[in-house]
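Residues per chain, in single letters:
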Amino acid sequence: MQKILLFPVFLFLFGLLSCSESVPSIAEAPGDEVVALPDTLRFSLGQWSFNRELFAGEMNTFDFIDAAAALGFGGVEYVSQFFQDKVEDTAFLDSLKAAAAAAAVENVIILVDGAGDLGASNATEREEAITAHLKWVKAARRIGCPMIRVNAHGDGSPEEVKAACQQSIRTLAQQAQELGVRIIIENHGGISNNGAWLADLLYQLEDVEVGSLADFDNWCVNRVGGLLWGAPCTDRYNRYQGMLELMPYAAGVSVKAFNFDAAGKEPDMDYSVLFDILHATDYDGWLGIEYEGDDLPSREGIRKTLSLARKSWQRKPVVDTAARQRLETMLAEFTKPGGVAGISALVYEKGEEVYFGAAGFADRNGQVPMARNTIAQIYSMTKPLTATALMLLHEEGRFFLDDPVADFIPELAGVRVFDGVNAAGEVKTVAPKRAMTIRDLTRHTAGFYNGGDTPALRPLWEAAATRAYDHTLSGLAEKLATIPLLFHPGEQWEYGPSVDMQALLVERISGQPFDEYLREHVLDPLGMEETRYFVPEGDRPRMSAVYRRQEDGTLTQLPDEEAHAFNINEQMLTPGGWGLTSTLDDYMTFARMLVNDGTHEGRSILRPETVRLMATNHLADSVTERIWLPGKGQVGFGIDFAVRMRPPATAEENNGRVGEFFWDGAASTLFWVDPANELTAALFVQLFPYDQIGLHKAFRDAVYGPWQPGADY
């Protein structure tokens, strides 16, 4: 069975066990607003917050426990270096456990440093590091602490360090499990501050339940002189992308602050974005408060960090009165001359409809208004539905994402890769460096040529007629096999017929025609009766006309028999990448299922971990050729969704929230899912060429409000 990236069972159990008590009263800084928080949320205090006092000898670990209790914290996070020589001192450890119990605080974690590099190239050093860390595992068990944090440090290339860490941390984790202690890894210096690198290591260790301690601030990958600490940073990873990558594995979060402005905010970190990420990934474990600044007394810095965390946790409604007015204005403006003929929008937030609006005409010639039940051709918004059908089979264990496509579609087994032309102008090819995988299909890295700017391949593509309707999905695979791949699988992102091949996979694996499987397992269970390929004659009056915008801004209404040809005639082809029609409410039902982790109105379609896998970025940083994908914002790509990895960097970018996943259609339709705010939005319009007038940006700005610059964007 393909490993699922998110939330192993142990994490759920640990979260339930550690968060069962109500939130204690937290002492606030003078003038701070006390914000009511859910009973499941708990704060622990990081011992490093008192590092100045501890290093100066003004405080010891027992004093730290008392200080945490006095400040109102429910848990403590120890740092090993403050009692390094006591790791095997059972009397000391028993006293520590007793002190925590007397203070009514829980021992949450020991952050272990100075116990050797688990990623060392020398095998003897790694063995010694495992032995040293096991002492801390036993110490944690003795004081009733469920976790220790280790570092993924070592020497060699990033891949060499990862391989060494994978081996030694696996051994350590297996032995720790026997003692009831979990191993977690923090982004804590060097290559471990690269979120994608650490997330991949965590993925490889998921079967032994190794988790992450996601730290708000440790993102410097390289420093002058190759030092881990103390020297100027020369390569910093984006903190928001890194947090998004680590949170699926999070057993803990380090909520860190250094400085505060007059409003009590951290000027160098956007807490609103960071807490969006926590909400987007449904985190409900301990929030470890750590003040690392030098300007304030430790207790004052701790209180301010805690206050900011409490306020940042809260969710305010996104679609308020002002947002609804912006949406009304947006629809009205776009139906003026130079805009669109008709447009509609629907937004749900926290399970409730918070906005619906429609303006203009579905059929301008016939003066038929755009309505809630208008049927639109959704083009590439078919793709996420196809992904859902495919991933249902993944849940059954019928395939692995890294299985070769040719195992199921042998027509593609002999496909080769374009390698230029010879002196006679003939196409040259080479064997692919590796097999095309199902994961390549789901993230558009398969290599299929789609009619782009490669003149030598275009005649082959035109001869294959892959965009015709007169073939089946199997027939399409045969045609694609006649065209060399544009690049080696996995090396570039190129939009094309990959999702049609996903539909064929559904047919081959399930034994059912794709449209029947989709209807039986996705559309009918969701009640999406008006999402279909073929629109019966009685419903065609509700189909929106299709419009083409000219360079001067005028609109040409295309003849229905031309624009609707695919959907008003029975076809052999049932493509996975395009072709469905839908209504605003039908498609919103699908979006609401996704935001509710695979369930809609009590009916489970997908498992929560499957939805999160689909909404996780699968594009490595090494994939730098992405044609027009960067134009959609600071995004990666999951399983048939774009995934927002970072906040918008400028006012010109599409607005949105980190952790959001979305897609759109050729006729300028759009939908997105915002897990942090439990918000789903859909925009229906039928306009070609694809959104030349800023519809999507305007819709997003209307929902979220004007872009505001933040920290580290």
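Scroll up a little and you will see the structure.
The model shown is predicted, which means the values in this text are computed figures rather than measured ones.

Caption draft 1: Structural view of the nonpolar core. Within the largest apolar cluster, 205 residues are counted, with the highest numbers of intra-cluster contacts made by Phe 671 and Phe 699. Once residues within four sequence positions are removed from consideration, Phe 699 is found in contact with Leu 327, Met 330, Ala 345, Val 347, Leu 670, Trp 672, Ala 681, Ala 682 and Leu 683.

Caption draft 2: Looking closely at the side chain of Ser 668. Tracing the backbone shows Ser 668 in the loop between strand 24 (661-664) and strand 25 (670-674). Beyond its immediate sequence surroundings of up to four residues, Ser 668 is in contact with Leu 683, Val 685, Leu 687, Pro 689, Tyr 690, Asp 691, Leu 695 and His 696.

Caption draft 3: Seen up close, the state of the cysteines. All chains considered together, the criterion is met by one disulfide. Between Cys 220 and Cys 233 runs a disulfide, and the two sulfur atoms are separated by 2.2 Å. Every disulfide takes its handedness from the sign of the S-S torsion; for Cys 220 and Cys 233 that torsion is 110°, giving right-handed. With Cys 220 in strand 7 (residues 220-223) and Cys 233 in strand 8 (residues 233-236), the pair connects residues that are 13 residues apart, well separated along the chain. Overall, Cys 220 belongs to the buried group, its relative accessible area being 3%. Assessed through its relative accessible area of 27%, Cys 233 is described here as partly exposed. No disulfide involves Cys 165; its nearest neighbouring cysteine sulfur is the one of Cys 220, lying 18 Å away.

Caption draft 4: Representation of the pairing of strand 24. Residues of strand 24 alternate between two faces, with Phe 661 and Trp 663 on one and Phe 662 and Asp 664 on the opposite face, all of them buried. Bridging between strand 23 (residues 642-644) and strand 24 involves two bridges; their strand directions are antiparallel. Pairing of Val 643 across the sheet is with Phe 661, part of strand 24. Sheet analysis places strand 24 next to strand 25, joined by four bridges and oriented antiparallel. Of the residues in strand 25, the one forming a bridge with Phe 662 is Trp 672. What sits between strand 24 and strand 25 in their antiparallel hairpin is a turn of five residues, with Ser 668 showing a positive phi close to 80°.

Caption draft 5: Highlighting the packing of aromatic side chains. Summed over the entire model, instances satisfying the criterion amount to 35 aromatic pairs. Between Tyr 533 and Phe 566 the ring centres are 6.5 Å apart and the planes differ by 75°, which places this aromatic pair in the edge-to-face class. Highlighted residues: Tyr 533 in the loop between helix 17 (514-526) and strand 17 (547-549) and Phe 566 in helix 19 (residues 565-568), separated in sequence by 33 residues. Overall, the relative accessible area of 5% leaves Phe 566 in the buried class. The lysine or arginine in question, Arg 700, covers the ring of Phe 662, its NZ or CZ lying 4.8 Å from the ring centre. Its end group placed over the ring of Trp 672, Arg 700 keeps NZ or CZ at 4.4 Å from the ring centre.

Rules used throughout
Every chain is numbered independently, its residues counted from 1 as its sequence is written. For a predicted model such as this one, the threshold for reporting local features is a pLDDT of at least 70, and the threshold for listing and counting side-chain atom pairs is 80 or more; totals across whole chains, interfaces and linings nevertheless cover every residue. Only hydrogens and water are removed before side-chain values are computed, so all heavy atoms of the structure are retained for them. Grouping buried Ala, Val, Leu, Ile, Met, Phe, Trp, Tyr and Cys residues that are joined through side-chain atoms within 4.5 Å yields what is termed a nonpolar core. Relative accessible area decides the class of each residue, using a 1.4 Å probe on protein chains only: under 20% of the type maximum gives buried, over 50% gives exposed, and in between gives partly exposed. What makes two residues a contact is simply this: any of their non-hydrogen atoms within 4.5 Å. Strands here mean DSSP runs of E at least two residues long; helices mean DSSP runs of H or I at least four residues long; both are numbered from the N terminus. Count a disulfide wherever a pair of cysteine sulfur atoms falls within 2.5 Å. Any two strands with at least two DSSP bridges between them are considered paired. Any two rings among Phe, Tyr and Trp, with Trp reduced to its six-membered ring, count as a pair given centres within 6.5 Å; such a pair is stacked if its planes are under 30 degrees apart, edge-to-face if over 60, and tilted if neither. Charge-over-ring placement is defined geometrically: NZ (Lys) or CZ (Arg) within 6 Å of the ring centre, and within 35 degrees of the ring normal.

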